[in-house]
Amino acid sequence: MAAEGHNVDATLLCIGRDHGHYFQKKTFGKPTYCHHCCDKIWGMLTQGYVCEVCNFVCHEKCLKTVVSFCSGVALQLIKNPVAHTWSEQGYIKRHFCCVCRRRTEDQLSLECEVCEYYVHVECQDLAVSDCKEAATYVPNLDKAAQKQHHHMREGNLPRDSKCVVCKKTCYSYECLAGMRCEWCGQTAHALCYRQMSPECDFGVLRKIMLPPNSVTIPRTELPMEQLLNIHGIQIDSSTRKVSSPSKITSDDVSAGSSEEKEREDTEFLRIYDGNSSLRNQVYRTASVPKTATVQQIRDAALRRFHIQDNPESYYITQVLNNGEEEPLEDPVPLRNVKRPEGRRAQIFLRFKDDPEKAVVKVYGGWLRVPVTFCAITVTKETLVQDVISEALQSFGLDGLTWNRYNLIEVSLDRGVAERTANPQENMLQLVRNLRKDSLRRYHVVRFYVQEKEDPHDHAVFVGNLPVSLAQRQYERILLKLLGAKEKPFTAIGPIYFEYGSLVITFNTPKAATAAVQKLQNATYEDKKLIVLCLPNVQVGCYAGLLYKVELSKYPEKPMEGGYLKSCLTSSPDEDVC
Ligand SMILES: [Zn+2]
Ligand SMILES: [Zn+2]
Ligand SMILES: [Zn+2]
Ligand SMILES: [Zn+2]
Ligand SMILES: [Zn+2]
Ligand SMILES: [Zn+2]
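Residues numbered from 1 in each chain as written. Chains lettered and ligands numbered in written order. Predicted model: local features only at pLDDT ≥ 70, side-chain atom pairs only at ≥ 80, totals over all residues.

S.K.: In this structure, what is going on with the overall build of the chain? I would like to understand it.
M.R.: In terms of regular secondary structure, the chain is built from 11 helices and 30 strands. Taken over 577 residues, the chain has a buried fraction of 43%. At a minimum sequence separation of 6, the contacts of the chain that also span at least 24 residues come to 66%. (Helix = DSSP H or I, 4+ residues; strand = E, 2+ residues; numbered from the N terminus. Buried ≥ 20, exposed ≤ 12 C-beta atoms within 10 Å, placed from the backbone. Contact = placed C-beta atoms within 7 Å.)

S.K.: Even after reading the chapter, I still don't get the sheet that holds strand β2 (residues 23-27), so can you show me in this structure?
M.R.: Spatially, the three strands line up as an open sheet ordered β2-β5-β6, and their pairing is antiparallel. Strand pairing shows two members of the sheet lacking a second neighbour, β2 and β6 (57-59), which therefore form its edges. Ignoring which end each strand starts from, the neighbouring axes of this sheet average 35° apart. The pairing of β2 with strand β5 (residues 47-51) spans five bridges and is antiparallel. Directly across from K25, in β5, lies its bridge partner Y49. (Pairing = 2+ DSSP bridges. Axes fitted to C-alpha atoms, helices over the stretch in contact; angles between N-to-C directions.)

S.K.: Help me understand unusual backbone geometry in this model?
M.R.: Backbone torsion omega between G493 and P494 reads 5°, so that peptide bond is classified as cis. As for its position among the elements, P494 is in strand β25 (residues 491-496). Here the phi dihedral of N55 falls at roughly 65°; this positive angle occurs in a residue that is not glycine. Take N55: it is sitting in the loop between β5 and β6. Residues other than glycine seldom take positive phi values, yet E525 does so here, at roughly 45°. In this fold, E525 is placed in the loop between β27 (523-524) and β28 (527-528).

S.K.: Whenever I open this one, the environment of A375 confuses me. Can you help?
M.R.: Within the element layout of this structure, A375 appears in strand β20 (residues 373-379). The class of A375 is exposed, set by 10 C-beta atoms lying within 10 Å. Residues within four places of A375 in sequence aside, it is in contact with V359 and K361.

S.K.: Explanation requested: the sheet that holds strand β11 (residues 179-181) in the structure shown.
M.R.: With antiparallel pairing, the three strands of this open sheet are ordered in space as β10-β11-β12. Single-partner strands in this sheet number two, and they are β10 (152-154) and β12 (187-188).

S.K.: Whenever I open this one, the pairing of strand β19 (residues 357-363) confuses me. Can you help?
M.R.: Working note: regular strand, side chains alternate between the two faces of the sheet. Judged from the seven bridges that link them, β19 and β20 form a sheet pairing that is antiparallel. Residue Y363 lies in a different strand from β20, and its bridge partner there is F373. Bridge count between β19 and strand β23 (residues 445-451): two bridges; the pairing is parallel. Residue pairing in the sheet places V362 in a bridge with F447 of β23.

S.K.: How should I be thinking about helix α6 (residues 384-394) in this particular structure?
M.R.: Residues lying three or four places apart along an α-helix face the same way, a consequence of the helix completing one turn every 3.6 residues. For α6, the set of buried residues is V384, V387, I388, S389, A391 and L392. Buried residues along α6 sit against β19, β20, β21 (405-411), α7 (427-437) and β23. Note on α6: the residue one or two positions beyond its end, G396, has a positive phi of about 80°.

S.K.: Hey, could you run me through the nonpolar core in this one?
M.R.: One recurring pattern in soluble globular proteins is that nonpolar side chains are buried together. Ranked by internal contacts, the top residues of the largest apolar core, which has 113 residues, are I347 and V387. Top element by residues in this core is α6. It accounts for five residues. If we skip the residues at most four places from it in the chain, I347 touches L269, R270, I271, I297, A301, I316, Q318 and V319. Membership of the second largest hydrophobic core comes to 23 residues, among which are I495, V503, V531 and L532. (Core = buried A, V, L, I, M, F, W, Y, C linked by C-beta atoms within 7 Å.)

S.K.: Can you help me understand the confidence of the model for the chain in this one?
M.R.: One rule of thumb: low pLDDT means the predicted coordinates there are not for detailed reading. On average, the chain scores 80 in pLDDT, and the residues at 70 or more come to 82%. Across the chain, element-level confidence peaks in β12 with a mean pLDDT of 95 and bottoms out in helix α11 (residues 563-567) with 35. Low confidence marks residues 231-260, where pLDDT is under 50. Its contacts with residues over four positions away, or in another chain, come to 51 contacts. With pLDDT under 50 throughout, residues 541-577 is counted as low confidence; its partners more than four residues away or in other chains account for 67 contacts. (pLDDT = per-residue confidence, 0-100.)

S.K.: So what exactly am I meant to see when it comes to α7 here?
M.R.: For α7, every residue scored as buried is listed here: M427, L428 and L430. Angularly, the buried residues of α7 cover 165° about the axis, an arc narrow enough to put them on a single face. For α7, the elements touching its buried residues are β19, β20 and α6. (Arc of directions from axis to C-beta.)

S.K.: Help me understand the environment of L478, please; the structure alone is not making it clear to me.
M.R.: Topologically, L478 is positioned in helix α9 (residues 471-482). The spatial distance from the C-alpha of L478 to the C-alpha of V462 is 9.4 Å, given a sequence separation of 16 residues.

S.K.: Explain the environment of S277 to me, please; I cannot follow it from the model alone.
M.R.: Following the sequence through the fold, S277 ends up in helix α4 (residues 275-279). Overall, the presence of 25 C-beta atoms within 10 Å leaves S277 in the buried class. The sequence separation of S277 and D437 amounts to 160 residues, and the corresponding C-alpha distance is 6.7 Å.

What follows is the structure, given as structure tokens:
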């Protein structure tokens, strides 16, 4: 689920007025509410519509004005993905899953610590990484001309929410409905959303809110949970690496539930979307008629992997025992398919690869250029640096300055994971390998151009040290905890002696990352240290506001709801604007 908004670009996929939903007409046997206008769908015989993929329900009359994108496509429409910071799993009362729109209390669920995103553990794979963009600073951009937009989140509104447009109630206990801005808290009906003024003034917090376009967060390889030091979260770094295969839950079980019982005339197939998925036994199941044609099987497979693309570009093969594959052939392809003893037939979904060329989309993202992406044709000779150069030109920047930029491979599944591509890498090979390994993953991988230069000082806050020591003593403790002979940091201070906390600064992200990892696991005098990477305020970009920094207060209430959510203010050593 993602509603229309400034961080959503419907042109990233070919999506019509249906917003990617597969609407089916339905007569509801019990009272049902429209997810679009919040009203009841009245009468036993009145027809409504329901989406097969995401369970979005609406009146026939509301179809025309839908603003919520289907969870099947939403992830691919986000311009600048930002990973959510997941809480621990639990049964969350009185909320709805943002992916399947069902209640969260019936199944193990998670919520985002930073924004109002709720999701079942089972639906987490399809969660849309569109958390609040808390740090959008770009050097050389005119801040005055930049506007803050609302960041609308659908559903789970506070009770008594009123629509800013029509002034009527817009929350619902019955379904995922209504919308709320993550910044200013304004609420509206999805039906009324388009009449809201697009600009966001941060609401009641406007006087103390630091606008995201004057903030940077350090670029490190640490996942957000660790960067923000959110407690109680076990970070499994293996699921974070771009190089690791995407984990697609096997859903033999759910596919066999309720309506889709295996019938005489249908067959369940195990579908792999690539070599790495087969290696890791990660597949999805699809049910097809035993007499299905090759084309029907292919289309069912595409749908199971949420791939919305020209179906003609894909084909299917069967996986043989020795790992080889063999094309399926009409008229009745399933008749001759091998079924390893007691198991389902195994099918590969493949892309019709062109060994000579490919079209690659490159995103402007963090450069905040007016175009979301450009499409670049790459051939056998194209290197990553050529792609950067061409993309810069399309973005209206100087292509000759390619060596000041990196191409970042960003994977959107399971959060947001990044890898910096080597400028000498062969682009065509890179893309072909991705497709061969997992088509689903290929569809949720993006290439972004990003400035190499990190405008950030790497300041790290350390708290829970003994109080009232001398600077020299603090330095000695830190060196010991870091296991270093020489100071790996370039500066220490300010020191908040009465709180036993201080800030150390590093000149490279690598040094800062290494230190954070060591210190977050360290204890001193039986007390666990509090360690945070600090965001930076870019000086001179937001005149008229005065920030008093009281960093030493943070440790008292360190992590309720995430560092950025509760206390995004300036880092301590910055000048005041
Ligand atoms: Zn309606
Ligand atoms: Zn849908
Ligand atoms: Zn769900
Ligand atoms: Zn979030
Ligand atoms: Zn707003
Ligand atoms: Zn309204």
